[in-house]
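Results of the structural survey
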Amino acid sequence: MAIPRRFTIAESSHRILDPFTPAKLADLGNALHLRPAMSMLDLACGKGEALCQWAKAHGIRGTGVDINQPFVDAANARSHELGVSDQVTFVHSDASEYVSDEPVDVASCMGATWIGDGPVGTLDLLARSLKPSGLAVIGDCYWREVPTTQEAIEGSFARSVEDFPTLWGLIETVQQAGWDVVEMVHADEHSWDRYVAAQWLNLRRFIDENPDDEIVPELRAELDIAPGQYVRHQRRYLGWGAFALMKR
Ligand SMILES: C[S@@+](CC[C@H](N)C(=O)[O-])C[C@H]1O[C@@H](n2cnc3c(N)ncnc32)[C@H](O)[C@@H]1O
């Protein structure tokens, strides 16, 4: 099981693999009212930063699941670095059918709702691991402003305008699926820049240090167009938020 190598390279310096800064991740942890000994399952946990930081700040314990072994290794290393390795565990596995042995207080999937074929399917998946009054957390993209040209749609990581909902559309969809939206924290232009622009330096450094690697032409082509596409399209049109939900 592997994800395209491009992600491991482009996100090599990132601890958070979504458009949140450490400050926004801390905001979200506070917004969830995490308390010591609460349990959490984080599906598609990336490098485990949410679990590690919240274990340190709030005393929670939990399990993270990710399909990319280098990210699981980074998560384990981070748990040791922050002194929380006795509170968190990271599992290398496909999260799309993962259900925890014991029901948890918080079940999350931030930046990977394709594992459940969209937000509602991902909430269904998270619900299978949640205590009855537990919190589900999903992080997902939406249109801040709906683009009107195909160029702007494709420049925003989409094939058609239907690929993302509006913010209201996302809220309405999860409510209609039987969930109360009980909290949310959103990315902003600065936090998007920290996620996206930080990838360009990683690409350039990799290209310079590994000129004969077979992936270099792909990365070179990406670096040529990514900054322009980002400032013309993604930065204007794309939003991203983390939403906390409780089953009605
Ligand atoms: C955009 S990143 C988000 C990571 C992390 N949740 C965060 O916000 O920092 C998407 C993550 O999903 C993982 N992933 C993709 N498909 C997966 C699957 N089927 N099962 C588990 N992890 C998956 C990738 O390896 C990557 O770490």
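So, here is what we can say about the structure in this document. (Residues numbered from 1 in each chain as written. Predicted model: local features only at pLDDT ≥ 70, side-chain atom pairs only at ≥ 80, totals over all residues. Heavy atoms only, no water.)

**Some words on the site of the ligand**
Of all residues adjacent to the ligand, which total 19 residues, the nearest are Asp18, Ala44, Asp66, Ala95 and Met110. Between the ligand and Ala44 there is a distance of 2.7 Å, counted from a nitrogen atom to a backbone nitrogen or oxygen. A total of 590 Å² of accessible area belongs to the ligand in isolation, and the protein chains cover 89% of it. (Near = heavy atom within 4 Å. Polar contact = N/O pair within 3.5 Å; in protein donor to acceptor, adjacent residues only side chain to side chain. Areas by Shrake-Rupley, 256 points an atom, 1.4 Å probe, with all protein chains shown as cover.)

**Observations concerning the sheet that holds strand E4 (residues 104-110)**
Strand order in this open sheet of 7 strands is E3-E2-E1-E4-E5-E7-E6, and the pairing throughout is mixed. The outermost strands of the open sheet, each flanked by one partner alone, are strand E3 (88-92) and strand E6 (179-186). In this sheet, adjacent strand axes meet at a mean angle of 20° when their direction is disregarded. Looking at chain direction, E6 and strand E7 (residues 238-247) are connected through 7 bridges and run antiparallel. By the bridge assignment, Glu183 is partnered in E7 with Ala244. In the packing of helix H2 (residues 22-31) onto the sheet, contacts are made with E4, strand E5 (130-143), E6 and E7, and the angle to E6 comes to roughly 150°. Against the sheet, helix H9 (residues 216-237) makes contact with E5 and E7, and its axis sits at roughly 25° relative to E7, the strand it touches most. (Pairing = 2+ DSSP bridges. Helix = DSSP H or I, 4+ residues; strand = E, 2+ residues; numbered from the N terminus. Axes fitted to C-alpha atoms, helices over the stretch in contact; angles between N-to-C directions. Contact = heavy atoms within 4.5 Å.)

**Quick look at the pairing of E7**
Among the 10 residues that make up E7, 8 are buried, leaving the element largely enclosed by the rest of the structure. Sheet analysis places E5 next to E7, joined by 8 bridges and oriented antiparallel. What sits directly across from Trp143, in E7, is Leu238. (Buried < 20%, exposed > 50% of the residue type's maximum accessible area, 1.4 Å probe, protein only.)

**Thoughts on the packing of aromatic side chains**
If you walk through the whole model with that rule in mind, you get 3 aromatic pairs. Ring geometry for Trp143 and Phe164: centres 5.2 Å apart, planes at 80°, overall edge-to-face. On the criterion of sequence distance, the pair formed by Trp143 in strand E5 and Phe164 in the loop between helix H6 (150-154) and helix H7 (167-176) is long-range, its members being 21 residues apart. We note that Trp143, like Phe164, is buried. An angle of 75° between the planes, with centres 5.8 Å apart, marks the rings of Trp200 and Tyr230 as edge-to-face. Placement of Trp200 in helix H8 (residues 189-209) and of Tyr230 in helix H9 is noted, with a sequence separation of 30 residues between them. You'll find Trp200 and Tyr230 in the same group, each marked buried. Stacked on the ring of Phe7, the Lys or Arg Arg6 has its end atom at 4.9 Å from the ring centre. (Phe/Tyr/Trp six-rings, centres within 6.5 Å; stacked < 30°, edge-to-face > 60°. Lys NZ or Arg CZ within 6 Å of the ring centre and 35° of its normal.)

**Comments concerning the packing of H8 against H9**
Any two packed helices are characterised by how steeply their axes cross, that is the angle between the axes, and by the distance between the axes. The geometry of H8 relative to H9 is characterised by a closest axis approach of 9 Å and an angle of 160° between their N-to-C directions. As judged from the angle between their axes, H8 and H9 are roughly antiparallel. The interaxial crossing formed by H8 with H9 has left-handed handedness. Residues Glu189, Trp192, Asp193, Val196, Trp200, Leu203, Arg204, Phe206 and Ile207 of H8 form the contact with H9, whose own contacting residues are Val216, Leu219, Arg220, Glu222, Leu223, Ala226, Pro227, Tyr230, Gln234 and Arg235. Here the contact of H8 with H9 is composed, by residue class, of 12 nonpolar, 1 polar and 6 charged. (Parallel < 35°, antiparallel > 145°, perpendicular 65-115°, else oblique. Left-handed = near helix turned anticlockwise from the far one by under 90°. Nonpolar A, V, L, I, M, F, W, Y, C, P; charged D, E, K, R; others polar.)

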